[in-house]
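Per-entry structural report
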Amino acid sequence: MQESSPNKSRPRLATVWLGGCSGCHMSFLDLDEAIIDLLQEVDLVYGPLVDTKEYPEQVDICLVEGAVTNLDNLKLIRQIRRSTRLVLSFGDCALTGNVTSMRNRIPVEDLLTAVYHEASSPIGAEAVEAVPALLPRVLPVHQVVRVDAVLPGCPPDVDRIAATLSALLDGQTVKLEPRMRTFG
Amino acid sequence: MSQTIHIEPVTRIEGHAKITIALDNDGHVADTRFQVTEFRGFERFCIGRNFWEMPGITARICGICPVSHLMASSKAGDMILGVRTPRAAIALRKLMNYAQLVQSHALSFFLLSGPDLVLGMDANPEQRNMAGLIAKHPDLARAGIRLRAFGQQVIRTLGDRSIHPAWAVPGGVRQSLSTEQREDIRKQLPEMFETVERGLDLIKDVQERMGSEKSIYGDFPSLYMGLVGPDGSLEHYDGHLRIMDADGRILEDDVGPLDAMSLITEGEKPWTYLKFPYYQPLGPEAGMYRVGPLARLNICDFAGTPRADRELREFRHYGGHGRPVSGSFYYHHARLIEIMHALERIDELLQGAEIARQRTRSRADVNCNLGIGISEAPRGTLFHRYEVDDNGVLVDVNMIIATGQNNAAMNRCIGQIATHYLRDDRLDEGLLNRVEHGIRMYDPCLSCSTHEAGRMPLQISLYAADGRKLDEISRG
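Keep in mind the model is a prediction, meaning the values are calculated, not measured.

This part takes up the overall build of chain A. Within chain A, the regular secondary structure consists of seven helices and seven strands. Along chain A, helices (α) and strands (β) appear in the sequence β-α-α-β-β-β-α-β-α-α-α-β-β-α when read from the amino end. Counting across all 184 residues of chain A, residues that qualify as buried make up 59%. A separation of at least 24 residues holds for 79% of the contacts in chain A among residues at least 6 apart in sequence.

In C-alpha cells form, the structure reads like this:
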C-alpha cells in the first residue's frame, strides 16, 4: 500500500456529517475489515475520520450524512457541490430530513428558549458571533444542491453501502435492489 | 495586545466543534473555549409525542451510542409502566450495553486516538489517521477493527441491526438469544481479550514514554460521578449514583433516580450550544465534575471481575496516596480496563441462567406520570427524564448527556495544553493536534451532548485582546 504521495489515479472519497447522528458514518465503519481493502483503492480526503480542515478540490465521491440545519451546513454543502463529481445523499436525514427535521414545526426561537431554560445560551448578539445560526427549517440535501445518487436507510446498512460504493468505483450507475431502497 | 486562536473543525472526534483561544496583552493564554456548533432540539420537539416512541427517537440522538439512549429511555419507560422488568430482559439489556461499551471504546482508542498515540502527535497530518495506522501497523489496526466489529455484531445479534435497533422497549426487550447465538459470541471472546491486552501494553508504553508530559494533558482536581453497584462495584446499567471529591471523599452515595437529577444544575454560556452541568451544592466552579471511564474507575470500590480488578489495582497507583486519578490522559487507559471488564461480564452473562429465561417483557399501561432512566453510556452517566399525561403523551423532557458533563473539564484541559505549548503567538500543527487530542481523550460525543447537536470538526483561531484575529489554523 502506498502511504506517501497521493496517487492521482486513485478515486478521492470524502464523507461529510451535517445535521444527523453519525449513525450513517458508524454504518460505514461497519464495513469492518473491508475498510482496509477500500482504503487501498481510494484516498479518503475529507471527513470526521481524517484531519483535513478544508474541503478539498476535485473530490470524486462525497457521502453526505445528515440534513442541512444551519449556516455552516449551507456553506459547506454548496462548496461540496462545486468541488465534487458525485454527491450522494447518505441516509434518511440527508434524503428526507428524517428525525433531524422533526423540529421544523417549531419556530427556532421557541426551540432555543425551551431547551436553554436560562435562555442565556446561544441566543443574542454574542451567540450570533460564536455559533452558526440555525436555519428556520431543516432541509434535505437535494433541496439545497443537486444530488447524484441517494442511499436510503436510518442508517443504510452495510450491504447497501458496499453495493453503492462498488458500483460508483466501477463507474456504474447505482441500482439498488428493491429490498435496499427502504427507509428507516 | 491580546489575541484569540480558533481551531475549526476539530477532527477525529465524534461531533462538530471549534476551539477558540484568547491571549492577554502579554501574549499569555487568557481564555480557551471549546464550542459546540450544532443544535437539534430533541427536548422540545419530543413534547407531544408518546413515551413508547422515545427509545426509537432518542436512539437517533446518536449513532455512536444509540444503545445508551435505548437503555435510558426504556428504563424511564419501565418507571412509567411501574412494572418489574423481567430478569432475562435486564440480563439481555446489560449484554447489549456491554457490547456497545466495547465497540465505542474500541473505536475511540484504536481508530480515533490510536493514530496520535502510535504515529505521534507531530506525525504528518495526512498520515495521522486510520488509513495511516493501517499502512504502518496493519495488525494493530485490524485487531482494533475486529474488536469494534465484535461489539457491533453482538448488538446486531440481539436487535437485528447494529445501529438504532428497535429492541429495548418500556417493560423489557423484544426478543431473546438462542443457545447457538450465545455460543457463537462466546467463541470469539479469546481473540477479543488478546486485543485488549495488546491495547493495555500499548497505552502503558505510551504513558511511560510521555513521562511528565502527560500531566500537561489536563491533570487537575475535580469531582467524579457515576453509577456503582449495590456492593460498590463498577456498574454500567443499574445501581445507584455516587459522587466523589478530588481527595476521594464520597459526597453522595446511594442516590436513586428520583433524587439524582436534583443534584445537578445545567449552566449555559452564550458561545456554545453545549450546556455546563455542575454539582449543585458546590456551584459552577467547585462543582465541576467528570464522568466516563476515568470517573467510573475512580468512584467504584472494585471492578468485580478478576482481570479488570488486577488492572484496576495497578491503575490506582496513578492517583498516588489513595487519591483518585486526576490526569485526563488516563481516560485512554481507563477505557481499556473497561473493555476488559465488559468482556468478562459478557462471558458471565452468556453463561448465566437468567439470560436463558423465556419471559423478556412485562406489559402494562401508564401507571406513573414520571419516568427517569439512568444508565452509564461509554462517555459517562446518561439521564432521561420524562413527564407524561395519563395517555402517555410527553409534557416535559429533559436529558443530561455524558459529554455535557465533561464540558467544563474539556475546556479546562485545552486551556492547560494551549498554555503549555503556545509559543510566539503562533499556531502550528503540533499545537493544533495536541489541543485536539485534549478533546479526543474525553471521546466526546457531540451528537449526544447537544442532543441538540451534531458532528464535531474543529478549528483554532487566535485572537488579540482588542478582538483582532491574529492567526487561524486549518489543514487541507
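From this point, the discussion proceeds with the structure in view.
This brings us to the packing of aromatic side chains. Two numbers describe a pair of aromatic rings. These are the distance of the centres and the angle of the planes. All names here are of chain B. Under the counting rule described, the total for this entry stands at 10 aromatic pairs over all chains. Taking the centre distance of 5.7 Å and the plane angle of 70 degrees together, the rings of Tyr 217 and Phe 329 count as edge-to-face. In this pair, Tyr 217 is assigned in the loop between α7 (179-210) and β6 (223-228) and Phe 329 in the loop between α11 (306-316) and α12 (331-351), connecting sequence segments 112 residues apart. With respect to class, Tyr 217 is no different from Phe 329; both count as buried. Ring plane angle 45 degrees and centroid distance 4.7 Å describe the contact between Tyr 331 and Tyr 442, whose orientation is recorded as tilted. In this pair, Tyr 331 sits in helix α12 while Tyr 442 sits in the loop between α15 (429-440) and α16 (446-449), placing the two residues 111 residues apart along the sequence. The same class applies to Tyr 331 and to Tyr 442, which are both buried. A cation sits over an aromatic face here: Lys 269 above Phe 276, 5.3 Å from the ring centre. For the cation-ring pair, Arg 307 lies above Phe 193, with the distance from its terminal atom to the ring centre recorded as 4.3 Å.

Attention now goes to the environment of Gln 207 of chain B. Residues and elements named next belong to chain B. On the secondary structure map, Gln 207 appears in helix α7. Look at Gln 207 and you get buried, because its relative accessible area is 3%. Here Gln 207 is in contact with Lys 214, Tyr 318, Phe 329, Tyr 330 and His 333, once residues within four sequence places are set aside. A polar contact is formed between the side chain of Gln 207 and the side chain of Tyr 318, at a distance of 3.2 Å.

In this section: the UniProt feature "binding site: Ni(2+)" (unreviewed entry) in chain B. All names here are of chain B. UniProt feature "binding site: Ni(2+)" (unreviewed entry): in the numbering of this structure it lies at Cys 65 and Cys 445. Within the element layout of this structure, Cys 65 appears in the loop between α2 (54-59) and α3 (66-81). Look at Cys 65 and you get buried, because its relative accessible area is 2%.

When charged atoms on two side chains of opposite charge get close, those side chains can pair. Residue and element names in this part refer to chain B. Applying the stated criterion across every chain yields a total of 41 salt bridges over all chains. Note that Arg 87 and Glu 354 form a salt bridge whose closest N and O atoms lie 3.0 Å from each other. With a gap of 267 residues between them, Arg 87 in helix α4 (residues 87-119) and Glu 354 in the loop between α12 and β12 (370-377) connect regions that are remote in the sequence. Residue class for Arg 87 comes out partly exposed when judged on its relative accessible area of 41%. On the basis of relative accessibility, which here comes to 31%, the residue Glu 354 falls in the partly exposed class.

Residue and element names in this part refer to chain B. The positions that UniProt labels "binding site: Mg(2+)" (unreviewed entry) are, in the present scheme, Glu 43, Cys 62, Met 399 and His 451. Along the chain, Glu 43 turns up in helix α1 (residues 42-45). Along the chain, Cys 62 falls in the loop between α2 and α3. Residue class for Cys 62 comes out buried when judged on its relative accessible area of 0%.

Let us look at the side chain of Lys 214 of chain B. Residue and element names in this part refer to chain B. Checked against the element boundaries, Lys 214 lands in the loop between α7 and β6. Buried charged residue Lys 214 carries no salt bridge. Nearest counter-charge: Glu 208, at 8.5 Å. Among all residues touching Lys 214, those that are not within four sequence positions of it are Gln 207, Phe 329 and Tyr 330.

What follows covers the pairing of strand β13 (residues 380-388) of chain B. Residues and elements named next belong to chain B. β13 sits mainly inside the fold: seven of its nine residues count as buried. Bridge analysis of β12 against β13 gives eight bridges, and the strand direction is antiparallel. Note that in β13 the partner of Ser 375 across the bridge is Leu 382. Here β12 folds back onto β13, and the loop between the two strands holds two residues. Relative to strand β14 (residues 394-400), β13 runs antiparallel, the two being bridged by six bridges. Bridge pairing in β14 links Phe 383 to Ile 400. Following β13, the chain reverses through five residues before pairing antiparallel with β14; Gly 392 in that reversal takes a positive phi of roughly 85 degrees.

Rules used throughout
- Residues numbered from 1 in each chain as written.
- Chains lettered and ligands numbered in written order.
- Predicted model: local features only at pLDDT ≥ 70, side-chain atom pairs only at ≥ 80, totals over all residues.
- Heavy atoms only, no water.
- Helix = DSSP H or I, 4+ residues; strand = E, 2+ residues; numbered from the N terminus.
- Buried < 20%, exposed > 50% of the residue type's maximum accessible area, 1.4 Å probe, protein only.
- Contact = heavy atoms within 4.5 Å.
- Phe/Tyr/Trp six-rings, centres within 6.5 Å; stacked < 30°, edge-to-face > 60°.
- Lys NZ or Arg CZ within 6 Å of the ring centre and 35° of its normal.
- Polar contact = N/O pair within 3.5 Å; in protein donor to acceptor, adjacent residues only side chain to side chain.
- UniProt positions renumbered as here; feature names shortened; annotations may be inferred.
- Salt bridge = Lys/Arg side-chain N within 4 Å of Asp/Glu carboxyl O.
- Lys, Arg positive; Asp, Glu negative; His and termini not counted.
- Pairing = 2+ DSSP bridges.

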